[in-house]
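# Structure at a glance
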Amino acid sequence: MMQVGTGSSALEAEVDEVRAELAELADPRILAVNAKRGDDHAVNLTALRAIAKHRGKRPDLARELWATGASAEKLVAILVSKPAQHGPDELDAMLREAGTPKVHDWLVSNLVMKSRHREQLRLAWLADADPVVASAGWALTSDRVVKKPEGIDQPALLDVIEAEMPGAPERLQWAMNTCLAQIGITNPALRERARGIGERLGVLRDYPTPPNCTSPFAPTWIDEMVARADGR
């Protein structure tokens, strides 16, 4: 669990102030939209970011906000945190406490991916029995495939994806599919194999995609991103 600060009166007052600002911005229409994705915060994220930006980087405030257990407060906590302030055990605990998809995603992208512990956590989470935790391991793996592929056994990743993605729970399946697409996009030598796996498995083939957005179906995603890179 994220360690809670000493709770000085000034810090407690600031926590109350942030919570009051979030409560004032709460909009039931936003909550209804977010609930369809499994989220329970009712605040526009642009407005929420403004609250965090006003405070700057505040590890003390971050710990107190996280300790409230509320999703909007956790999102602000992530934004005012510093990646270096968290050890691997604390980040692991925070991931398991995240609760909602948005908190989970922001924690991974804003803190874990910028942490010196990211590789240790990537390997641990990939092997975790909890599919939501494992999905974070796959997200970190996709990031490494794109940014630092050296030392990653991508053919072995494709073996696991081919065997396990069809029966994986939704969050884990989505993360594995992202990794499949990123391998196909960034590795020309494995592109046709990645496309073939996507075609055979058909995961997200019929996912509703708005106009002018890229389909998450891996073969389509791969083809579109490669074409953009080639200037086609």
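Our subject is the structure listed above.
Here's what I pulled together on the structure shown here.

Calculation criteria
Residues numbered from 1 in each chain as written. Predicted model: local features only at pLDDT ≥ 70, side-chain atom pairs only at ≥ 80, totals over all residues. Heavy atoms only, no water. Buried < 20%, exposed > 50% of the residue type's maximum accessible area, 1.4 Å probe, protein only. Helix = DSSP H or I, 4+ residues; strand = E, 2+ residues; numbered from the N terminus. Arc of directions from axis to C-beta. Contact = heavy atoms within 4.5 Å. Phe/Tyr/Trp six-rings, centres within 6.5 Å; stacked < 30°, edge-to-face > 60°. Core = buried A, V, L, I, M, F, W, Y, C linked by side-chain atoms within 4.5 Å.

### Description of helix H3 (residues 45-55)
- Of all the residues in H3, the buried ones are Leu45, Leu48, Ile51, Ala52 and Arg55. In a view along the axis of H3, the buried residues occupy a sector of 115°, so they form one face of it. Along H3, exposed side chains directed more than 90 degrees from the buried face belong to Thr46, Lys53 and His54.
- Those residues of H3 hidden inside the fold are in contact with helix H1 (9-25), helix H4 (59-67), helix H5 (71-80) and helix H7 (101-111).
- Gly56 sits one or two residues past H3 and shows a positive phi near 75°.

### Considerations on unusual backbone geometry
- Despite not being glycine, Leu204 shows a phi value in the positive range, around 65°.
- By the secondary structure assignment, Leu204 is in the loop between helix H12 (191-201) and helix H13 (218-229).
- Residue Leu204 is classed as buried on the basis of its relative accessible area, which comes to 17%.
- Even without glycine at this site, Asn212 takes up a positive phi of about 70°.
- Inspection of the secondary structure puts Asn212 in the loop between H12 and H13.
- The exposure class assigned to Asn212 is exposed, which follows from its relative accessible area of 85%.

### What to know about the packing of aromatic side chains
- Counted according to the given criterion, the structure contains 1 aromatic pair.
- Measuring from ring centre to ring centre gives 5.1 Å for Trp174 and Tyr207, while their planes differ by 65°; the resulting arrangement is edge-to-face. Of this pair, Trp174 sits in helix H11 (residues 170-186) while Tyr207 sits in the loop between H12 and H13; the two residues are 33 residues apart in sequence, bridging distant segments of the chain.

### Looking at the nonpolar core
- Grouped together as the largest cluster of nonpolar side chains are 35 residues, with contacts concentrated most on Leu22, Leu48, Val76 and Trp125.
- Broken down by secondary-structure element, the contributors of at least two residues to this core are H1, H3, H4, H5, helix H6 (88-97), H7, helix H8 (118-126) and helix H9 (131-147).
- Among all residues touching Val76, those that are not within four sequence positions of it are Val18, Leu22, Leu48, Ala52 and Leu65.
- Counting residues in hydrophobic clusters, the runner-up holds 26 residues, among them Met165, Ala168, Ala194 and Ile197.

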